[in-house]
Each structure stands twice: as C-alpha cells, then as structure tokens.
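Geometric and topological summary
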Amino acid sequence: MSNHLKIRKVAVLGAGVMGAQIAAHLVNANVETLLFELPAKEGDPNGNVNKALEGLKKLDPAPISSPARVSYIEAANYEQHLEKLRGCDLIIEAIAERIDWKSDLYRKVAPYVNANAIFATNTSGLSINTLAEAFPEELRHRFCGIHFFNPPRYMHLVELIPCKGTEASLLDELEIFLVSTLGKGVVRAKDTPNFIANRIGVFSMLATKHHAAAYNLGFDMVDALTGRYLGRPKSATFRTLDVVGLDVFAHVVNTMRENLSEDPWHKHFELPGWFQYLVDQGSLGQKTKRGIYQKIGKEIHVLDLHTREYKLSDAKVDDGVKEILRERDWAKKLAGLRNSQHPQAQFLWAVFRDVFHYCALHLEYIANNARDLDFAVRWGFGWDNGPFEIWQAAGWQQVAGWITADIAAGKAMAASPLPAWATDPARVAVHSMQGSFSPRPQAGEGQGVRDGSYQPRSTLPVYKRQIYPDRLLGEERHYGETVFETEDVRLWHTGDTIAILSFKTKMHTVSNEVLDGILRAVNEAEAHFSALILWQSEPPFSAGANLLQLMQGVQETPDTGMFGKLKGAVNRVKYTAAGGGGMGDLFNAATGNVPKVEAVVAKFQQTSMRLKYAQVPTIAAVDGLALGGGCEFSIHCSRIVATLESYIGLVEVGVGLLPAGGGCKEMAQRAAAEAQRYSSDNRVDIFPFVRRYFQHIAMGEVAKSAELAREMGYLRPSDRIVLNKFELLHIAKEEAKALNATAYRPPLHQRQIAVAGRTGIATLKAAMLNMLQGNFISEHDYNIGCRVADTLCGGDVEAGSLVDEQWLLDLERKHFMELLATEKTQARIEHMLKSGKPLRN
C-alpha cells in the first residue's frame, strides 16, 4: 500500500441530507472529516453546519453508528475555513443538483485544493464532463464522480464516474478506499445521465407506473405485487417513492427528459397529473408526513386516483397470481405470469419485459458489462437479483423470444428491436465463470462487435480480501472442504489450518443438535486445526435459541397442554427475531425426542464455556442479528469480529426468560473486572457496573450497530469492527493468525469474582418496585427483573463476596428453569411462536 495515496482526511462540501450523512459514514469508518456549509447570517458562523449535525442524531434509520460520534465531525464554513481544505486528501462536493451552483463553488474552492487531492462530486446524474469544465485544467485529472446512495450508511452501492481526463490510478485508489475503509460495493459507470442504478431503477418505476395505469391497479395493489414477491424491498414501488421524496424523484425524471431526447422510451419520461397535484400540495412523501400514502393513527391510507381522497389501504393479491409468485424457479414464474389472463399477472410480465428490453438496449452505452448493471441495481435499489440475472435464470433464449414477439405485436413500450447480441441464437448467458458480457469488443479485438466479450471481475488487490464476494446467479460457489456435516451444522476449511463452523438451521437458531455440533467442532479444532471461526454464509449470525424445541421439552406428553395448542400454531409460525430468542427449526422440533430441558440448558452453558476456554482461538464472525444465544456464544469467543451492521443483544426477557447460556454470568464477570480496573483504592464498588448490564438485560436492549454494542459492553476493546461484510471472513482469519502469533493460551479460570450481593439486589428491586407501582412494568416483568438482578449480583451473599463462574452459571440456570415453569412465560413463548411479536403480560 505504501506507494498509494493515503486518504487521511476528507472534506464534505454541503451539509444537506446527503452531505451530512456521507460525513457521518466517514466518521463511522474512523476517517477524519470536515463538513462545510454556507456561513450563518447571524450568530455563530457555523450555525448552519451545527444544525445539520444536530439533525443527524434525530434521523431514523440512524446515519451515525453511535450518537457520540457526531462530535468527531469538524464543522466548517466557506467564509472562515477554506484554508483547511489544503490538508484534505479527498474532497466530496454534495450541494444541490444545479450545474451553475456547483460550478461557482468549484471556482471558489479550487485555489485551496492540494495538488495531490482527489476532488469528487456526489451528483446523482449531472454530466461529470460538464462539471469538470468549471474545474481548473491543471486539476482536472484529479476530478471524478462519486455517487453515494441514500441512506449512505446502509446502501452498499457507490458509483465511480471518470471524466475524460481522470487519471486511472486515482480511480483505483478511490475504489480501494471505498471498498475497504467505507465498506462499499463500487461500480464504475460511464458519464451518461443518471449513470447506471438510477437510470435502470427509475425506468423500472416509470414502467411500473405506466402499466399500473393501463391495467387500472391502485398504488397499494402495485406495492403488494412488486415487493418481496419479486425479491425487492418491502417498500416496493410507490412506498419507495414516498421515502425518496416525490420532489427528488421528479428531479431525476426531469434530468432524463431533458438529457435523453434520443432514448426510444423518451415519451415515457414524464410524470402524470396526480404526481404534479401531490407536489403542488406539498405532499412530498415521508418527510411531509403525506404523499402517495398517509399514516392515520396506526392505519395506512392510500391515495385513490379517481377521487383524489385517501382511503384505507386494503389491497389483496389474487390467489392464482400468488401461486405463480411463490414459484422459486424464474423460468416457471415468468412463464406463469406471461400465460395468465389475470390483469395482475399481465401487469407484472409487462413490467419485466420492458425493463429487460431497456437494459439490453442501453447496456453498452451506460455500463462496462452486465455484472456492473446487475450489481448497481441490486446494491442501489435493494433487489435480490438484477434484471440480467433474472432473464438468464429464466432461460435467455426463451425470454428473448417472448420480448421479440411482444415488440412485434406492438405490446412493448418502445418499438426498437432487441440488439443483435441479445437475440444471438448461441447466447445462453451473460454471466459465466469467465466473467460477464460486455457488448463492446475489447481494444485490439478487431471488429467482432456482435460477439462482444466476457469481462472478469476487477483484479485490484483489495478484492483478494473478499474470500466470497457477492455472487451473481450463474456463478458457482464452493465453500471449501468439509470436515464433518450434520443436518444442523457444517465444519469446513479453505485449505489452511483454520476451521470454520456454519449453521444450517433457519435464521441460524440454536437447537440441541447445534450445541452438539459446536462441541464436536471445538474438539476437532483442538485436535487438527489452529483456530475455530463461527461464520455464516449469509446473515443473520444467529437469532438465538430454538424456542419451539424448548417448549416441547416443557410438555411431558406432546399432545396435551400447551403443545397441543402449539401444534396448531406451528403451521402459522412466523420466523422472526423481533424481541425474542428467535424461532426454531420447526421440522427438527416436531420430530425427534426432546431431551430434558435442564440438560439442554446445562449443555448450552457448557458450549459457551468450551468456546471460551478452548485450546485454540475461537472467533465469532458476526453479521446481522446476534440475539439471545447468538449473542452469548459471541461474547464467550476469544474475539468477536463484527460488521458495523451487527445487531447484538440479550433479548431473552422478551419471551419471559433470562440469559442462561452464560450470558448473565459473563456480564457479572465483566462488571467485576471493570470495577477493579476503575477503582482508585481497595474499596471496589461493583454496583454501578452491574447496574449498566442489568439495564441492558432487563430491558432486552439490542445494539443498533457494532459500535453501540461496544459502548454497551457486548464488544470488548480488543474486538474488531469491519465495514465491508464481504471482508468479514478474511479479517476473522487474520485475527486468528494474530492471536496464534503470540502463542495463544486460553484465559485462566477465574475463581474469585466479586459480586454486588444482596445490597445490590435490594437496590435494583427498589428501582423496579417504583416502575411496578407506576404501571411501567407488569408483575411478571418485575418477577423476571428480580431474577436477573439476583443472578447478576451473585445471589443472597454479602456485597463484595467472591464467587466462581460455576456459581453464577448455576444461578442463571435455576432462574431460567423456574421462569420456564410459570404460565406467564409459557404464554409469552407461545405468543412469540404464533405471531412473531413479544407479549407483555
């Protein structure tokens, strides 16, 4: 890396919605950041920036990984602080989308730009070459487009767009920084209006709007059809428009209308009367509390096109169409939609057809290859699969034939034929193991235009850190060599000395069989490997214990009592991790003999302890949810390596239980160690440290980022946070090697853990009694809270007494079993299994 430009400090120009959030994500990634805005007319000249920084704390979803981080962003204004730009290696301009305003700003700041800095614009669609003209010629080779998607912390895509003179090495440096430091997926786009993702994504929305009108489908019906059924976000089409803002969408469509007069679909780049009506009224969507939808109390209302009034949203997808949409195989799904006579199905086929047609015709002008187009749409719009992936999975020739027939029959939105490469009878795929198709011949390949070429993935060294990068349909994936595999887990390796354990259960929940698998994996790792990593090929890390299996253990005879009721619920169970320990693998639970519950709880504790005291380093590579038992395993490993988007917490109280896989024990132990560390003399007061952990557990709090998990004490100072989830496994392996480099030994068994004892319990109980009397918590909440307090404080002993880990494990297990025997806890578990939501009783 030594010959690379090091991006040490970044300035963001413009503290609007995007600028402020880009600055927030830079400090999420530990990058020194300056945020510039116009000086305030009166008072503190930084008033405008400071207001934007305050606003960051209120946004939901939070753009910043922890509110404490906002203070790391340095506020600046163009009047007093332009000199500070000289020390910045990257300057990102994110002001309003007006070429004249942007050009004025460039002329103003250019004299302060360091000769080695990169200057990039976050425009979402203006011409990079036109903007570059306002930049001094001697700096133009350091200019490019860097297009983040909203919200920048969560959207994986960043489009990089060179201007004619941009230095190639500069783009490489920027890509490395974006991928590894900021955790982004980078796609290089050509300088065409709206680049790749917005060009295709917005066209898809316009096609959806066009066909919805043709088939007379209401907004909520369209959203019911175009969300998760198609592998797209729940917000589907029109709800997404409300989130984006109707005014912002209008601007993007205007850019297309003004700059794409040659586009065969040009006549469709316009917005209907109702759209203008809403904008004129100031109903711009989520930010004005009303747009296409409006929330009234708890009910969602939707605009009725005919009356222009809001009515209760109650769209129902036709049962026959639902059957087609539930089909996993794209070939059968698209054939079903095309052959169905139902308007809902006809509508969906028409949208697919026109989007495929549009992508095929424009591919060579807007993107370098089909992979870049598919990833741009996936990462920028949250689709599970890109347009070309779906077309290929459904049978390239079959779909191409359907599109050609529809164009001939005058059904398509534009009459232009598919390009020759798309109808080539030899074409079966655009994505293959050799790479992805590019319609343009590579330099020096003569004029084989019709053939195009297959472009492999980028060879930048940063991508060697992604052992398993995001994959396209059509690419094979091979997860190493198997050591052993059961129905619930698989232990494997990639040809080195590090063993990797992955769960196979739904939501990666923990069943009795998963516990057996982990215990076996630790034994294998100690015997034959140098380390053990717990890693899942996709999130979540683990949604916790298998509740259904647990409940069956409570019933002596499977058909009486609660299990009889549960059996009916089984068919309706929703898998969720909201507030509960996660739902188990039903099939497993419904068969097989259920071992005695207490033995399983003891085995859970034994498994956590085995991970903690293994003779080789154990590493939890966490991405997504790590709740309940998933959190307990993680905190017992030698190290946690977590992606920033890890949501970690001990949530057992949501189902009327308390953490009993070593979670309470570990937190009591950490509290004692922290008290020891922070005490100035021999009088150690453990209570304040215990109280903090008590609050997290008794409230079932989940950290909304790995950074917050560190503040809450789930991550230790030595645990690592990773921004790019595709680098997680690589970094976990490096961490294992680093631990072994210092001749790893497991921690020594702690035989003397100081506890807060009965005075600590009394203090916590008094606080809870107040909450009970004020009706903030129920009797059962109080009962659970008292047991959490008893466990964390070490039971009925003197304050400052010394206990060992087993003492604390026995306490948490005893309370767990006693709670499990109560009717109210059983009702909470039953409710969670039926509805996926916690019950307050």
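Cut-offs used in this document
- Residues numbered from 1 in each chain as written.
- Predicted model: local features only at pLDDT ≥ 70, side-chain atom pairs only at ≥ 80, totals over all residues.
- Heavy atoms only, no water.
- Buried < 20%, exposed > 50% of the residue type's maximum accessible area, 1.4 Å probe, protein only.
- Helix = DSSP H or I, 4+ residues; strand = E, 2+ residues; numbered from the N terminus.
- Arc of directions from axis to C-beta.
- Salt bridge = Lys/Arg side-chain N within 4 Å of Asp/Glu carboxyl O.
- pLDDT = per-residue confidence, 0-100.
- Contact = heavy atoms within 4.5 Å.
- Phe/Tyr/Trp six-rings, centres within 6.5 Å; stacked < 30°, edge-to-face > 60°.
- Lys NZ or Arg CZ within 6 Å of the ring centre and 35° of its normal.

1. Some words on helix H10 (residues 273-281)
An α-helix turns once per 3.6 residues; consequently, residues spaced three or four apart project the same way. Every buried residue of H10 is accounted for by Trp-274, Phe-275 and Leu-278. One face of H10 carries all of its buried residues, which in axial projection span an arc of 105°. One or two residues past the end of H10 sits Gly-282, with phi positive at roughly 80°.

2. Comments concerning the pattern of salt bridges
Scanning all chains against the criterion turns up 47 salt bridges. With a shortest N-O distance of 2.9 Å, Asp-247 and Lys-287 are connected by a salt bridge. Placement of the pair is Asp-247 in helix H9 (residues 246-259) and Lys-287 in the loop between H10 and strand S9 (293-296), with a sequence separation of 40 residues. Among the salt bridges present, the one from Lys-733 reaches Asp-496, with a minimum N-O distance of 2.7 Å. With Lys-733 in helix H27 (residues 728-741) and Asp-496 in the loop between strand S16 (489-493) and strand S17 (498-503), the pair connects residues that are 237 residues apart, well separated along the chain. A relative accessible area of 6% places Lys-733 in the buried class. Asp-496 sits in the partly exposed class, given a relative accessible area of 29%.

3. Observations concerning the confidence of the model for the chain
In this model, the chain carries a mean pLDDT of 91, and residues with pLDDT of at least 70 account for 93%. Low pLDDT (under 50) marks residues 443-450, which in the prediction has 10 contacts with non-local residues, meaning those over four places away or in another chain. For the stretch residues 556-594, pLDDT sits under 50, and the model shows 90 contacts to residues farther than four places along the chain or on other chains.

4. Describing the packing of aromatic side chains
Under the criterion given, the structure shown has 35 aromatic pairs. Centroid distance Phe-203 to Tyr-358: 3.9 Å. Interplanar angle 5°. Geometry classified as stacked. Of this pair, Phe-203 sits in helix H6 (residues 197-214) while Tyr-358 sits in helix H13 (residues 343-366), and the two are 155 residues apart along the sequence. A single burial state applies to Phe-203 and to Tyr-358, both of which are buried. Ring geometry for Tyr-678 against Phe-689: centres 5.8 Å apart, planes inclined by 5°, an arrangement best described as stacked. You can see Tyr-678 sitting in helix H24 (residues 663-678) and its partner Phe-689 sitting in helix H25 (residues 687-698), a full 11 residues away along the chain. A relative accessible area of 18% means that Phe-689 is categorised as buried. Grouping aromatic residues by their ring pairs yields a cluster made of Trp-330, Phe-352, Phe-356, Phe-388, Trp-391, Trp-396, Trp-421, Phe-437 and Tyr-454. It is Arg-427 that lies over the ring of Phe-437; its NZ or CZ is 4.0 Å from the centre.

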